[in-house]
Amino acid sequence: MKSMLIVGCGDVGLRVARLLAGRRRLFALARNPQRHEALRQAGVIPVPGNLDDAASMHRIASIAQEVVHLAPPPSQGARDSRTAHLISALARGARLPQRLVYISTSGVYGDCAGDLVAETRPVRPASDRALRRVDAERQLRAWGRASGVRVAILRVPGIYSAERLPLERLRAGTPVLEAAADPYTNHVHADDLAHMVLAALARGRAGRVYNACDDSELRMGEWFDLVARRFGLPCPPRVGLDRASGLIPETLMSFMRESRRLVNRRARHELGVRLRHPTVVHALQAMAPAA
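Attention here is on the structure that accompanies the text. (Residues numbered from 1 in each chain as written. Predicted model: local features only at pLDDT ≥ 70, side-chain atom pairs only at ≥ 80, totals over all residues. Heavy atoms only, no water.)

One key point about sheets: their strands pair by backbone hydrogen bonds, in either a parallel or an antiparallel sense. Read across the open sheet, the seven strands follow the order β3-β2-β1-β4-β5-β7-β12; overall the sheet is parallel. A single partner strand is all that each edge strand has here, and the edge strands are β3 (45-48) and β12 (208-211). Each adjacent strand pair in this sheet contributes to an overall mean axis angle of 20 degrees, direction not counted. Pairing geometry for strand β2 (residues 25-30) and β3, over four bridges, is parallel. Each residue of the ladder has a partner; that of Leu-29, found in β3, is Val-47. In this fold helix α3 (residues 81-91) packs onto β1 (3-7), β4 (66-69) and β5 (99-105), with an angle of close to 170 degrees to the strand it touches most, β4. (Pairing = 2+ DSSP bridges. Helix = DSSP H or I, 4+ residues; strand = E, 2+ residues; numbered from the N terminus. Axes fitted to C-alpha atoms, helices over the stretch in contact; angles between N-to-C directions. Contact = heavy atoms within 4.5 Å.)

Now for the nonpolar core. Met-4, Val-101, Leu-154, Val-197 and Leu-271 are the most contacted members of the largest nonpolar core, which has 34 residues in total. Going through the elements one at a time, β1, α1 (11-19), β2, β5, β7 (150-156), α6 (190-203) and α10 (265-271) are the ones with two or more residues in this core. Once residues lying within four places of it in the same chain are set aside, the contact partners of Met-4 are Val-16, Leu-20, Arg-25, Leu-26, Phe-27, Ala-64, Glu-66, Val-68 and Leu-201. Core analysis: the second largest hydrophobic core is formed by 25 residues, Val-67, Leu-100, Tyr-102 and Val-209 among them. (Core = buried A, V, L, I, M, F, W, Y, C linked by side-chain atoms within 4.5 Å. Buried < 20%, exposed > 50% of the residue type's maximum accessible area, 1.4 Å probe, protein only.)

Attention now goes to the packing of aromatic side chains. Counted under the stated rule, the structure contains one aromatic pair. Just above the ring of Tyr-184 sits the side chain of Arg-219; from NZ or CZ to the centre is 4.0 Å. In this arrangement the basic side chain of Arg-261 is found over the ring face of Tyr-184, its NZ or CZ atom lying 5.0 Å from the centre. (Phe/Tyr/Trp six-rings, centres within 6.5 Å; stacked < 30°, edge-to-face > 60°. Lys NZ or Arg CZ within 6 Å of the ring centre and 35° of its normal.)

A few words now on the environment of Arg-138. With respect to the helices and strands, Arg-138 occurs in helix α4 (residues 128-147). The exposed category is assigned to Arg-138, whose relative accessible area is 57%.

A few words on the environment of Leu-39. Positionally, Leu-39 belongs in helix α2 (residues 36-41). Residue classification places Leu-39 among the buried residues on the basis of a relative accessible area of 0%. Excluding residues that lie within four positions of it along the chain, Leu-39 makes contacts with Cys-9, Leu-14, Ala-28, Ala-30, Val-44 and Pro-46.

To continue, consider the state of the cysteines. On inspection of all chains with the given rule, the structure shows zero disulfides. For the unlinked cysteine Cys-112, the closest cysteine sulfur is that of Cys-213, found at 12 Å. Using a relative accessible area of 1% as the deciding quantity, one classes Cys-112 as buried. (Disulfide = S-S within 2.5 Å.)

Take the side chain of Arg-15 next. Within the element layout of this structure, Arg-15 appears in helix α1. Judged by relative accessible area, which is 9%, Arg-15 ranks as buried. Residues within four places of Arg-15 in sequence aside, it is in contact with Ser-161, Glu-163, His-189, Ala-190, Asp-191 and Ala-194.

Next up, the structure:
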């Protein structure tokens, strides 16, 4: 039986683990000992280690043939030191992993003014957060070329599920931008992303990038409106750009400054991805009855 190491085993990592139950020996790098029991109950063996402490990661060398890297970069700087520490730890093993899938972000494209965006579009990160993701991608692809490890990268937009919806923002009445300034946004259901990870492990080409998104084509305000109507909540108020900075949290506003429509043709054709939730409308209909 093959073994797999999940780095950053949160919600999506546990969904991957459930799909592989009985078919892989599963390990997860675990910084917090309080999570060990929950991982064990999910059939995952915790491996103590901290991506911010290179010396703590010696246990993962030669541990697995497959690696799924879901951990976010550090919160500051333009480089992803965590990915550098991971590569260094894996490289110390007598046996390297055969395949690695990295979960990046569609934010590496920057603002595309609503254009259709395929993987051939040059990256143009507009935030330090996206710069760190670009750095991680480059590190991993370079390591893959040098070592022979087959590295595939999934560029992921907004992840959602029944447990990951903007309900609190809707209840708080957080505004969205008026239609003239409303950006296009992109989504993927957490279950579909877990299946995409497995598809990339099985069929991803070496050094290849894939947009990991569904078929939805809608603007951010429309997304909030859909969720609000489904759960019987008021639709968010609309404001212009001139008033947005004082009413919309900066974390949300940073996403509203970027507009793009991701194309998932490569994932469909090369990875054979078949979406369980083709659009957010399909998924929301199955989540809860409208109030």
